[in-house]
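Chain by chain, the residues:
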Amino acid sequence: MDIDHFMQGYKAAWENKDESMFCSLFSPDGEYYNTPFAVQRGREQLAEYWRRVKLQEDVHVTYEVLASSATGGIARWHVTYQVASEELFRIWAKSTGTNLVAYKPGDPLPRMVLDGVLIAEFEHSLCKNCRIWWHSMPQA
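Note that the coordinates shown come from a computational prediction; the quantities given were computed from them, not determined experimentally.

**Student:** Could you give me a rundown of the overall build of the protein, with the residues and numbers involved?
**Tutor:** A tally of helices and strands in the protein yields 4 helices and 6 strands. Counting from the amino terminus, the protein carries its helices and strands in the arrangement α-α-β-β-α-β-β-α-β-β. Here the C-alpha radius of gyration of the protein, 15 Å, is about what a compact globule of 140 residues would show, namely 14 Å. Counting every position in the protein, which comprises 140 residues, the buried fraction comes to 39%. For the protein, the exposed surface amounts to about 7600 Å²; the carbon and sulfur share of it is 54%.

Pasting the structure below:
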């Protein structure tokens, strides 16, 4: 696997909201750092984490490979999606420290925009380690 193939799979897994597809990108003991301090290890934890994308609708993912080597790579990614539940909005707000003062239950849920960078390391044609750094906000 190389970074372009990994990103193709990452994009497909996110847009299809498919945790099995996401897990298939990783070795059985693969690691996914969704923040610098939070890691999911192994396919069970990866699948549990990825299920949250089922609370997103109309997902669009684009990416650009920034660097590639035989054992890894770096890519910038950009995602937009419609929040499909107040639960997801609360998860997002908690993860970013947003206080939700402007949002009241029953208000229309926002469309979100995320922008990030990931570094992936590959071993035996699967991802051994993936770290992402990202930021998100409601789309204007």
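**Student:** A description of the environment of Asp-58 should follow, citing residues and the corresponding values.
**Tutor:** Mapped onto the elements of the fold, Asp-58 is located in strand 3 (residues 56–69). The exposure class assigned to Asp-58 is partly exposed, which follows from its relative accessible area of 48%. Considered as a pair, Asp-58 and Asp-115 are 57 residues apart in the sequence and their alpha carbons are 16 Å apart. Discounting chain neighbours no more than four positions away, the residues touching Asp-58 are Thr-80, Tyr-81, Gln-82 and Arg-111.

**Student:** So, the pattern of salt bridges: which residues are in play, and what are the values?
**Tutor:** Once the charged atoms of two side chains with opposite charge are near each other, the side chains can pair. Using the criterion set out here, one finds 8 salt bridges in the structure. Glu-19 serves as the salt-bridge partner of Lys-54, at 3.1 Å between the closest nitrogen and oxygen. You can see Lys-54 sitting in the loop between helix 3 (42–50) and strand 3 and its partner Glu-19 sitting in helix 2 (residues 19–23), a full 35 residues away along the chain. Classification of Lys-54 by relative accessible area gives partly exposed; the value is 40%.

**Student:** Hey, could you go over the environment of Val-61 for me, with residue numbers and the actual values?
**Tutor:** Note that Val-61 resides in strand 3. Using a relative accessible area of 1% as the deciding quantity, one classes Val-61 as buried. Each C-alpha atom, one on Val-61 and one on His-78, is 5.8 Å from the other, the two residues being 17 residues apart in sequence. When sequence neighbours within four positions are dropped, the list of residues in contact with Val-61 reads Lys-11, Trp-14, Glu-15, His-78 and Val-79.

**Student:** Go over the packing of aromatic side chains with me, naming the residues and quoting the values.
**Tutor:** One pass over the full model with this rule turns up 15 aromatic pairs. Each ring, one from Tyr-10 and one from Tyr-32, has its centre 6.4 Å from the other, and the planes form 45°; the classification is tilted. One end of the pair, Tyr-10, is in helix 1 (residues 3–15); the other, Tyr-32, is in strand 1 (residues 26–35), with 22 residues separating them in the sequence. Look at Tyr-32 and you get buried, because its relative accessible area is 1%. Ring geometry for Trp-14 and Trp-77: centres 5.6 Å apart, planes at 55°, overall tilted. Residue Trp-14 is located in helix 1, and its partner Trp-77 is located in strand 4 (residues 72–83); the two are separated by 63 residues in the primary sequence. Taken as a pair, Trp-14 and Trp-77 share a single burial class, namely buried. A network of ring pairs unites the aromatic residues Phe-6, Tyr-10, Trp-14, Phe-22, Phe-26, Tyr-32, Tyr-49, Trp-50, Trp-77 and Phe-122 as a single cluster.

**Student:** Help me get a handle on the environment of His-78, residues and values and all.
**Tutor:** Here His-78 shows up in strand 4. The exposure class assigned to His-78 is partly exposed, which follows from its relative accessible area of 31%. For the pair His-78 and Tyr-63, spaced 15 residues apart in sequence, the C-alpha separation works out to 6.2 Å. Only 3.5 Å separates the side chain of His-78 from the backbone oxygen of Leu-114, close enough to count as a polar contact.

Reading the values: the criteria
- Residues numbered from 1 in each chain as written.
- Predicted model: local features only at pLDDT ≥ 70, side-chain atom pairs only at ≥ 80, totals over all residues.
- Heavy atoms only, no water.
- Helix = DSSP H or I, 4+ residues; strand = E, 2+ residues; numbered from the N terminus.
- Rg over C-alpha atoms; globule rule 2.2 N^0.38 Å.
- Buried < 20%, exposed > 50% of the residue type's maximum accessible area, 1.4 Å probe, protein only.
- Areas by Shrake-Rupley, 256 points an atom, 1.4 Å probe, with all protein chains shown as cover.
- Contact = heavy atoms within 4.5 Å.
- Salt bridge = Lys/Arg side-chain N within 4 Å of Asp/Glu carboxyl O.
- Phe/Tyr/Trp six-rings, centres within 6.5 Å; stacked < 30°, edge-to-face > 60°.
- Polar contact = N/O pair within 3.5 Å; in protein donor to acceptor, adjacent residues only side chain to side chain.

As far as function goes, none of this settles anything; it's purely spatial.
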